[in-house]
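Residue-level structure breakdown
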Amino acid sequence: MITKYFNEVTGLFSGKLSYIAVSLFLLLTGISSGVFLVLAMDESDKLVAIEYISGYLFGASGIEFPNPLLPELGNNLFLIFIMMISGLVSAGFPIAYAILIYKGVALGFSAGLILESFAFEGLHALLLSLIPKNLILLPCYIIAAAVSHIHAKQSNAGDDRYMKNGRNRESGSGRYFITYIGIVILVVLACVLESFIISHYRV
């Protein structure tokens, strides 16, 4: 069954790795923008953001943060759902790319602020809090954006090769939803991992 699932997903990307390259480029653009945003921030705004992150990671601000599992799970699954819907409309795929850039900006901003503000302790926090979950999450968002673009293009009424054969259309939609089921499972795994790490990392 795992082999069949893998074949369905890889079949969707057959000859279409350029979509992955575009997604990766946009993610890196978002990360760079997030880091630049940290450098350009006003000091007073930066202090507010540092206080928030310090409380979230280290429990040091006096603010009691809930376990991040449900909020993170809700936020990520909502974004993944929007990306999936965007691929069902021929002109909707830019929404998926916009979400990918947003995730990149958020990651770049968080990483840049942590490293600039907490030095060595920030590197430790980065390695424990951001990197493990994003090793799972970021590929999910990259693949989600790419498959949304692929499916939106194939669903376009102007794509004759796709529309002439009803079986091809049905197969394409099947692969699309199977891919998103796999993405959802990995997103849940990433959020559970973050919840476990953060709950043990806070003071």
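Residues numbered from 1 in each chain as written. Predicted model: local features only at pLDDT ≥ 70, side-chain atom pairs only at ≥ 80, totals over all residues. Heavy atoms only, no water.

Topic: the state of the cysteines
Per the stated rule, a full pass over the model turns up zero disulfides. There is no disulfide at Cys140, and the cysteine sulfur nearest it, in Cys191, is 9.6 Å away. Looking at Cys140, the relative accessible area reads 3%, which means it is buried. With relative accessibility at 1%, the residue Cys191 sits in the buried group. (Disulfide = S-S within 2.5 Å. Buried < 20%, exposed > 50% of the residue type's maximum accessible area, 1.4 Å probe, protein only.)

Points about the pattern of salt bridges
Counted under the stated rule, the structure contains four salt bridges. Its salt-bridge partner being Lys133, residue Glu194 comes within 3.0 Å of it at the nearest N-O pair. Here Glu194, found in helix α7 (residues 166–201), pairs with Lys133, found in helix α5 (residues 93–155); they are 61 residues apart in sequence, far enough to count as distant. As far as burial versus exposure is concerned, Glu194 and Lys133 are alike and both buried. (Salt bridge = Lys/Arg side-chain N within 4 Å of Asp/Glu carboxyl O. Helix = DSSP H or I, 4+ residues; strand = E, 2+ residues; numbered from the N terminus.)

Here we look at the packing of aromatic side chains
Applying the stated criterion across every chain yields a total of three aromatic pairs. Between the aromatic rings of Tyr176 and Phe177, the centroid separation amounts to 5.5 Å while the plane-to-plane angle is 70°, which identifies the pairing as edge-to-face. Of the residues examined, Tyr176 reaches a relative accessible area of 0% and is grouped as buried. Ring pairs connect the aromatic residues Tyr176, Phe177 and Tyr180, which therefore count as one cluster. (Phe/Tyr/Trp six-rings, centres within 6.5 Å; stacked < 30°, edge-to-face > 60°.)

Describing the confidence of the model for the chain
Taken as a whole, the chain shows an average pLDDT of 82; of its residues, 76% reach a score of 70 or greater. Throughout residues 160–167 the model reports pLDDT below 50, and contacts reaching past four residues in sequence, or to other chains, amount to 13 contacts. (pLDDT = per-residue confidence, 0-100. Contact = heavy atoms within 4.5 Å.)

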